[in-house]
Amino acid sequence: GDLDSARGMLVVMRQAQLEPTADTYVTLMKAMGERGDIEGIREVLATTKDKDVRLSDRDYLEIVFCLAKGGYEQHMAEVLTHLPMTVGFVQDAMN
């Protein structure tokens, strides 16, 4: 797929007064992860933080899985730093 077009859809959604959900952002970051686009993931993570979109432990782990699947293990630790290891953190969220 074309990641630039997918990013463009976020703009189109906002113009139509439809705010992207956590699922929308995670799906985009998973596609970026499979292609090793860590800059794109950084941008989307910053957007989710700015817009107060809460991602689950599982969301972060799915992005990390896609990075691993694509052979981009060197970026996994960076994404894991965003994981909120608070009360209720479930290490086995991908089971």
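What you see is a predicted model; the values in this text were computed from it and never measured.

Novice: Looking at this model, I keep getting lost on helix 2 (residues 22-35). Mind explaining?
Specialist: One full turn of an α-helix is made of 3.6 residues, so residues set three or four places apart face in the same direction. For helix 2, built from 14 residues, the straight-helix expectation of 20 Å at 1.5 Å per residue is met to within 8% by its first-to-last C-alpha distance of 20 Å. The set of residues buried in helix 2 consists of Ala-22, Tyr-25, Val-26, Leu-28, Met-29, Met-32 and Gly-33. In an axial view of helix 2, the angular spread of the buried residues amounts to 165°, which keeps them on one side of the axis. In helix 2, the exposed positions angled more than 90 degrees off the buried face are occupied by Asp-23 and Thr-27. Of the surrounding secondary structure, the elements contacted by the buried residues of helix 2 are helix 1 (3-15), helix 3 (38-50) and helix 4 (57-69). Directly beyond the C-terminal end of helix 2, a positive phi value near 75° is found at Gly-36.

Novice: Please explain unusual backbone geometry as it appears in this structure.
Specialist: Generally, phi is negative for residues other than glycine and the peptide bonds are trans, each holding for most cases. A positive phi angle is found at Gln-17, which is not glycine, with a value near 60°. Here Gln-17 lies in the loop between helix 1 and helix 2. The phi dihedral of Asp-52 falls on the positive side, at around 55°, and the residue is not glycine. By the element assignment, Asp-52 lies in the loop between helix 3 and helix 4.

Novice: What is the right way to look at the layout of surface pockets in this model?
Specialist: Of the volumes computed, that of the largest pocket is approximately 330 Å³. Contributing elements (two or more residues each) for the lining of the largest pocket: helix 3 and helix 4. For the lining of the largest pocket, the element with the most residues is helix 3, which contributes four residues. Broken down by class, the residue content of the lining of the largest pocket amounts to six nonpolar, four polar and four charged.

Rules used in this analysis
Residues numbered from 1 in each chain as written. Predicted model: local features only at pLDDT ≥ 70, side-chain atom pairs only at ≥ 80, totals over all residues. Heavy atoms only, no water. Helix = DSSP H or I, 4+ residues; strand = E, 2+ residues; numbered from the N terminus. Expected span 1.5 Å × (residues − 1). Buried < 20%, exposed > 50% of the residue type's maximum accessible area, 1.4 Å probe, protein only. Arc of directions from axis to C-beta. Contact = heavy atoms within 4.5 Å. 1 Å grid on protein atoms, 1.4 Å probe; cavity = no way out; pocket = protein on both sides within 12 Å on 5 of 7 lines; lining within 4 Å. Points joined across faces, edges and corners; volume = space filled by probe spheres on them. Nonpolar A, V, L, I, M, F, W, Y, C, P; charged D, E, K, R; others polar.

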